[in-house]
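Observations on chain architecture
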Amino acid sequence: MPQRPIADPEAFIKAHLKLVAVPSLPRVRLYRAQPTSGLWRLAEVSGKDAPSPYWAYGWAGGLALARYVLEHPEAVEGRRVLDLGTGSGLVGIAAMLSDAASVLAADIDPNAVAAAGLNAKANGVALSTRLADLTAGPPPAGVDLVLVGDLFYDPDLARRVAGFLGRCRAAGMEALVGDPGRAFLPHERLTRLADYPVSDFGDGMGAAATASAVFRFT
Ligand SMILES: C[S@@+](CC[C@H](N)C(=O)[O-])C[C@H]1O[C@@H](n2cnc3c(N)ncnc32)[C@H](O)[C@@H]1O
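Read on for an overview of the structure. (Residues numbered from 1 in each chain as written. Predicted model: local features only at pLDDT ≥ 70, side-chain atom pairs only at ≥ 80, totals over all residues. Heavy atoms only, no water.)

What to know about the sheet that holds strand β5 (residues 128–131)
- Strand order in the open sheet formed by 7 strands is β5-β4-β3-β6-β7-β9-β8, with mixed pairing between adjacent strands. Only two strands of the sheet have a single partner each, and these edge strands are β5 and β8 (190–198). Along the sheet, successive strands turn relative to each other by an average axial angle of 20°, direction set aside.
- In the sheet, strand β3 (residues 80–84) pairs with strand β4 (residues 102–107) via 5 bridges, with the strands oriented parallel. Paired with R80 across the bridge in β4 is S102.
- With respect to the sheet, helix α3 (residues 60–71) is in contact with β6 (145–149), β7 (174–179), β8 and β9 (210–217), its orientation differing from that of β8 by roughly 100°.
- The sheet strands contacting helix α4 (residues 90–97) are β3, β4 and β6, and the helix crosses β4 at an angle near 180°. (Pairing = 2+ DSSP bridges. Helix = DSSP H or I, 4+ residues; strand = E, 2+ residues; numbered from the N terminus. Axes fitted to C-alpha atoms, helices over the stretch in contact; angles between N-to-C directions. Contact = heavy atoms within 4.5 Å.)

Shown next as structure tokens:
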């Protein structure tokens, strides 16, 4: 029998994903995909070009950046933060738990925006969410600090994100990047701040630990 399209991603996430503590960051709980979650049904609504459900999994860059923000609350405290490519919302949630003044969580995937909002509520914090590709435009108003978790995996996206961060820096904002050393990382603009081994990324099923790092975008 054909499946009915999913009209309400929030209801779908609550019904089919499991709210679990992030193993390396037990202060944070996120809805995570299970083998039985049937995420393909979410993609059905958006057609064959639907974005991959990155928001349902952990990412080495985001895990490192979230840990850095939780261990160094002074990096975000009182600041207006943009979590670019928020996915699950993990990095933005960590920033709010460390007393950021506000977090704007932006993503191009409507299901990620829904998941980030739900995950924020589950952690007792509020994120403003925006469904948009901010990399194409000018630096957003009302932002002091841009956080970027794991966005340098694709050459075109990496070029756009680096250009955007360059414009944000020129406008007086700071930027931090979490990344496990992906191929398109703009090393010439980065100063390494911290290294973390992470293992709870991807489907989290016995992933070997990998090195991830946090950088300041200069
Ligand atoms: C690898 S995931 C990282 C998610 C999250 N930052 C983390 O580290 O857990 C990449 C995310 O970036 C989003 N994304 C891709 N291109 C984007 C763009 N141009 N603007 C905003 N988000 C984008 C994807 O939809 C996805 O949610």
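Looking at the side chain of T135
- Position of T135 among the secondary structure elements: in the loop between β5 and β6.
- Classification of T135 as buried rests on a relative accessible area of 7%.
- Among the polar contacts listed, one links the side chain of T135 to the side chain of R160, at a separation of 3.5 Å.
- Leaving out residues up to four positions away in the same chain, T135 has contacts with L84, R160, V161, F164 and R167. (Buried < 20%, exposed > 50% of the residue type's maximum accessible area, 1.4 Å probe, protein only. Polar contact = N/O pair within 3.5 Å; in protein donor to acceptor, adjacent residues only side chain to side chain.)

As for the packing of helix α1 (residues 9–16) against helix α5 (residues 110–122)
- The geometry of α1 relative to α5 is characterised by a closest axis approach of 9 Å and an angle of 60° between their N-to-C directions. In this view, α1 runs oblique relative to α5, as classed from their interaxial angle. α1 and α5 meet at a crossing whose hand is right-handed. For the pair formed by α1 and α5, the contact residues are P9, E10, I13 and K14 on the first element and N111, A114, A115 and L118 on the second. (Parallel < 35°, antiparallel > 145°, perpendicular 65-115°, else oblique. Left-handed = near helix turned anticlockwise from the far one by under 90°.)

Details of the site of the ligand
- Of all residues adjacent to the ligand, which total 17 residues, the nearest are G62, G85, D107, D133 and G149.
- Here D133 contributes a side-chain N or O atom positioned 3.0 Å from a nitrogen atom of the ligand.
- Here G149 contributes a backbone N or O atom positioned 2.8 Å from a nitrogen atom of the ligand.
- Within the complex, 97% of the 590 Å² of free accessible area of the ligand lies under protein.
- Taken together, the residues that form the shell around the ligand break down as 6 nonpolar, 6 polar and 5 charged. (Near = heavy atom within 4 Å. Areas by Shrake-Rupley, 256 points an atom, 1.4 Å probe, with all protein chains shown as cover. Nonpolar A, V, L, I, M, F, W, Y, C, P; charged D, E, K, R; others polar.)

What to know about unusual backbone geometry
- Unlike most non-glycine residues, D99 shows phi in positive territory, near 70°.
- Structurally, the position occupied by D99 is in the loop between α4 and β4.
- The backbone phi angle of D150 is positive, close to 55°, even though this residue is not glycine.
- Mapped onto the elements of the fold, D150 is located in the loop between β6 and α6 (155–170).
- Residue classification places D150 among the buried residues on the basis of a relative accessible area of 5%.

So, the pairing of β5
- Two strands pair when backbone bridges link them, and β4 and β5 are joined in this way by 4 bridges, in the parallel orientation. When the sheet's bridge partners are listed, D107 is paired in β5 with L131.
- After leaving β4, the chain enters α5 and then returns to the sheet as β5, a path that is right-handed. (Right-handed = clockwise from strand over helix to strand, strands pointing away.)

Structural notes on the environment of G172
- For G172, the location among the structural elements is in the loop between α6 and β7.
- Judged by its relative accessible area of 63%, G172 is exposed.
- Separated by 69 residues in sequence, G172 and V103 place their C-alpha atoms 18 Å apart.

Here's the deal with α4
- Among the 8 residues in α4, 7 count as buried, and that is most of the element.
- Looking only at α4, the buried set comprises L90, V91, G92, I93, A94, A95 and M96.
- For α4, the elements touching its buried residues are β2 (25–32), α3, β3, β4, α5 and β6.

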